[in-house]
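Listed below are the residues making up each chain.
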Amino acid sequence: MKHYDYLIVGAGLFGAVFARQAMDAGKTCLVVEKSDHIAGNIYTEEVEGIPVHRYGAHIFHTSNKAVWDYVSRYVTFNHYINTPIANYKGELYNMPFNMHTFYQMWGVTTPDAARAKIEEQRREITGEPKNLEEQAISLVGRDIYEKLVKGYTEKQWGRSCTELPAFIIKRLPVRYTFDNNYFNDPYQGIPEEGYTALVERLLAGAEVQLGVDYLDRREELNALADRVVYTGCIDAYYDYCYGPLEYRSLRFETETLDTDNYQGVAVVNYNEREIPYTRVIEHKHFVFGQQEKTVITREYPATWELGMRPYYPVNNEKNQALYEQYRALADREDQVVFGGRLGHYKYYDMDKVVEAALAMAEEMLG
């Protein structure tokens, strides 16, 4: 059997960036992936000529020019700017909260008038907020909370805002300008060919095996390499010896429609609790598509159970304490290092995944 310098478990963005750096340093890499495709949750597939984000909307944005330059070596990014719309019972609001939103909500036309309205409503909460509802009202007032925070958040987390801890919403971005750009980062866009092309190019030169469950074959696979970079769930690696960490999951319904333009924007959030999905994604708008048909995806939050695809770690105190127990085990490993969203039990934006993988590669490769 061939021997490798690195066995990389998971062909997502973290594993692919690490593999690229290792190969550029002259190392050999075997990448094993449990699913039937590379690119993890950023996997895109072409449908009707449209790059479809199979696992929900992914918009690359960063303030780190080195990260932007790095990913731009492998794919060309377009100039997409994220400007989502919120639909609350048929009323449309611009996101994030800005002067367009405040005009739509109250008819105010100046920053001073908007600020006064929010300040007046924030006074409803006195003392330290006891839950997410009180925290949100203390930040943006009741009107914005009721229409644009409450239902969406309750769907995301599967419980009432009064049952959620205040720390989940430490702050809510409020802009007193007419600016609908969701992100503040100077670099933003979508790969013109989709994210799968980015990961393919990062992995070029590595041996990649799909449909391989590392945890079922770890002794055999570990014997093939000097070091292991593991990007799966850290609790699964240790057979849930302290109990499973919690995640939120998602379910997607995707359909092709016989129209060239369904909703006029890539992302529409549905903010009332009564509509079961949180948003509808129209994929062609990410790449300014002119196709005759369109593809839309409805995104439903779901309670995660063992065996389901994990999306968002539930970073409350209980789970953080549990993760620290697993991390203590990981710190004692000689051959294996842990990385990525699942290995670190941390929600990473894509640029932070790249940043973390580059930092690990620099530390390990010198």
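Because the structure is predicted, anything quoted here is derived from the model rather than measured.

> Explanation requested: the side chain of Gln-291 in the structure shown.
By the secondary structure assignment, Gln-291 is in the loop between strand 13 (279-282) and strand 14 (294-303). In this structure the side chain of Gln-291 is engaged in a polar contact, spanning 3.0 Å, whose partner is the backbone oxygen of Gly-49. Sequence-distant contacts of Gln-291, that is, excluding residues within four places in its chain, are made with Glu-48, Gly-49, Ile-50, Asp-260 and Lys-284.

> Teacher, can you tell me more about the packing of aromatic side chains here?
To describe a pair of aromatic rings, one takes the distance between the centres and the angle between the planes. Tallied over the full model, the rule gives 26 aromatic pairs. With a centroid separation of 4.8 Å and an interplanar angle of 80°, the aromatic rings of Tyr-237 and Tyr-238 are classed as edge-to-face. Residues Tyr-237 and Tyr-238 agree in their burial class; the two are buried. Summarising the aromatic geometry, the rings of Tyr-237 and Phe-338 are spaced 5.1 Å apart at their centres and angled 90° between planes, so their arrangement reads as edge-to-face. Linking Tyr-237 in helix 9 (residues 234-237) with Phe-338 in strand 16 (residues 336-338), this pair joins segments that are 101 residues apart in sequence. Classification of Tyr-237 by relative accessible area gives buried; the value is 7%. You can call Phe-338 buried: its relative accessible area is 8%. Within the aromatic cluster, the residues linked to one another by ring pairs are Tyr-214, Tyr-230, Tyr-237, Tyr-238, Tyr-242, Tyr-326 and Phe-338. The side chain of Arg-218 reaches across the aromatic face of Tyr-237, ending 4.5 Å from its centre. Here the guanidinium or amino end of Arg-309 rests over the ring plane of Tyr-55, the centre of that ring lying 3.9 Å away.

> It is not clear to me how the environment of Thr-231 should be interpreted in this structure. Could you clarify?
One can find Thr-231 in the loop between strand 10 (225-230) and helix 9. On the basis of relative accessibility, which here comes to 14%, the residue Thr-231 falls in the buried class. Along the chain, Thr-231 and Val-337 lie 106 residues apart, while their C-alpha atoms are 8.7 Å from each other. Apart from the residues lying within four places of it in its own chain, the contact partners of Thr-231 are Val-9, Gly-10, Phe-14, Gly-15, Gly-339, Leu-342 and Gly-343. Looking at Thr-231, its side chain comes within polar contact range of the main-chain oxygen of Val-9, at 2.5 Å.

> Explain the sheet that holds strand 10 here, please?
As a general point, the strands of a sheet are linked pairwise by backbone hydrogen bonds and lie either parallel or antiparallel. Read from one edge to the other, the open sheet built from five strands follows the order 9-2-1-10-16, with strand pairing classed as parallel. Two strands bound the open sheet, and with one partner strand each, they are strand 9 (207-210) and strand 16. The mean inter-strand angle of the sheet, taken between neighbouring strand axes irrespective of direction, is 20°. Relative to strand 2 (residues 29-33), strand 1 (residues 4-9) runs parallel, the two being bridged by four bridges. For Tyr-6, the partnering residue across the bridge sits in strand 2 and is Cys-29. The strands touched by helix 1 (residues 13-24) within the sheet are strand 1, strand 2 and strand 10, with strand 1 carrying the most contacts at an inclination of about 170°.

Basis of the calculations
- Residues numbered from 1 in each chain as written.
- Predicted model: local features only at pLDDT ≥ 70, side-chain atom pairs only at ≥ 80, totals over all residues.
- Heavy atoms only, no water.
- Helix = DSSP H or I, 4+ residues; strand = E, 2+ residues; numbered from the N terminus.
- Polar contact = N/O pair within 3.5 Å; in protein donor to acceptor, adjacent residues only side chain to side chain.
- Contact = heavy atoms within 4.5 Å.
- Phe/Tyr/Trp six-rings, centres within 6.5 Å; stacked < 30°, edge-to-face > 60°.
- Buried < 20%, exposed > 50% of the residue type's maximum accessible area, 1.4 Å probe, protein only.
- Lys NZ or Arg CZ within 6 Å of the ring centre and 35° of its normal.
- Pairing = 2+ DSSP bridges.
- Axes fitted to C-alpha atoms, helices over the stretch in contact; angles between N-to-C directions.

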